[in-house]
Every structure is written in C-alpha cells, then in structure tokens.
Amino acid sequence: MAGNNRKIKRDPLDQELLDKIGARLRFFRKEKGFTNYEKFANNHNLSRSQIGQYEKGQNMNLTSLGSILRALGVSWKEFFGEGFDEDQA
C-alpha cells in the first residue's frame, strides 16, 4: 500500500480544534527557542514527521500530546488556557 495518501474527512469543528492545537504547539515550540520542529523533535527524541504533522492539524492521541507538552515544559492548563472556548466541546 505504498503511497496511500487518503485524506480523512472530519467534521469542520473537529478539524478546527486540531488546527488550533497544532498552532499552539508551534507557538510554544518557537517560544522555547526552537525555530523548526525538526530540531525540537531531534533534541527531545520525538518523531520529526509526527511533530510536523501535528503542527499542521493531524489527529493525535492524548499520550502523544502529553509527551510533547512535557518536552516543551508546558502544562495542560497553560496549553489549553488560551484560544479554546468551553463551548466548543
């Protein structure tokens, strides 16, 4: 199945949430001084391709997000403390 680039159709609100999460990851990465995701991933033993995809709004599981937040030194509360409305759930 080489080259399977099938795009998953998501509810627009779900994709909006994933895009916001990706933007927040990118924001905190840059705030911590990592100008590109590849150096960040390499320095923290994380998958470069996954970090890049997550920053672009690809779905991820909570344990992956937790690993990234720990590497960034960012709490869950700090991460979700801005830009996420309670009414969006």
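It should be noted that the structure appears before, not after, this text.
Let me sum up the structure you'll find in this document.

Here the focus is the overall build of the protein chain. The helix and strand tally for the protein chain stands at five helices and zero strands. Ordered by position from N to C terminus, the α and β elements of the protein chain give α-α-α-α-α. The proportion of buried residues among the 89 residues of the protein chain is 28%. Once local pairs closer than 6 in sequence are excluded, the contacts in the protein chain between residues at least 24 apart make up 60%. Accessible surface computed for the protein chain: about 6600 Å², of which carbon and sulfur atoms make up 48%.

Here we come to the nonpolar core. Judged by nonpolar contacts, the single largest core of 16 residues is most densely connected at Ile21, Leu25, Leu65, Ile68, Leu72 and Phe79. The leading source of residues in this core is helix H4 (residues 62–72), at four residues. Sequence-distant contacts of Phe79, that is, excluding residues within four places in its chain, are made with Ile21, Arg24, Leu25, Phe28, Leu65, Leu69, Val74 and Phe84.

A few words now on unusual backbone geometry. The backbone of Asn45 sits at a positive phi, close to 55°, despite the residue not being glycine. If you trace the backbone, Asn45 turns up in the loop between helix H2 (37–43) and helix H3 (48–55). Under the relative-accessibility criterion, Asn45 is labelled exposed at 74%.

In this model, helix H1 (residues 12–31) (20 residues) spans 28 Å end to end at C-alpha, consistent with the 28 Å of a helix rising 1.5 Å per residue. Every buried residue belonging to H1 is among Leu18, Ile21, Gly22, Arg24, Leu25, Phe28 and Arg29, and all of these are buried. End-on, the buried residues of H1 take up no more than an arc of 160°, which puts them together on one face. Exposed and facing more than 90 degrees away from the buried side of H1 are Pro12 and Leu13. On its buried face, H1 sits against H2, H3, H4 and helix H5 (76–80). Between the side-chain oxygen at the start of H1 and the backbone nitrogen of Leu13 there is a gap of 2.7 Å, and the oxygen is on Asp11. Backbone geometry just downstream of H1 places Gly33 in the positive-phi region, at approximately 95°.

Taken together, Leu62, Trp76 and Phe80 make up a surface patch of nonpolar side chains, about 320 Å² in accessible area. On the secondary structure map, Phe80 appears in helix H5.

Cut-offs applied
In every chain, residue numbers begin from 1 and rise along the written sequence. Restriction of local features to residues with pLDDT of at least 70 applies here, the model being predicted, together with a cutoff of 80 or more for giving and counting side-chain atom pairs; totals for whole chains, interfaces and linings are based on all residues. The side-chain numbers reported here are obtained from all heavy atoms of the structure, hydrogens and water having been left aside. In this text, helices come from DSSP runs of H or I with a minimum length of four residues, and strands from runs of E with a minimum of two, each type numbered from the N-terminal end. Working definition: with a 1.4 Å probe on protein chains only, accessible area under 20% of the residue-type maximum means buried, over 50% means exposed, and in between means partly exposed. Contacts between residues were defined by any pair of non-hydrogen atoms, one from each residue, lying within 4.5 Å. Here the accessible surface of atoms and residues is derived via Shrake-Rupley with a 1.4 Å probe, and residues count as covered only by protein chains that are part of the display. We define the nonpolar core as a collection of buried residues of types Ala, Val, Leu, Ile, Met, Phe, Trp, Tyr and Cys that are connected through side-chain atoms lying within 4.5 Å of one another. Any helix carries an expected span of 1.5 Å times its number of residues minus one. Here, the arc refers to the directions that run from the helix axis to the C-beta atoms. Two N or O atoms form a polar contact when they lie within 3.5 Å of each other; inside protein one atom must be a possible hydrogen donor and the other a possible acceptor, and for residues adjacent in sequence the pair counts only when both atoms belong to side chains. Note on patches: the residues involved have over 30% relative accessible area and no salt bridge, like charges join within 9 Å, and the nonpolar side chains Val, Leu, Ile, Met, Phe, Trp and Tyr join within 5 Å. Salt bridges are counted wherever a side-chain nitrogen of Lys or Arg sits within 4 Å of a carboxyl oxygen of Asp or Glu.

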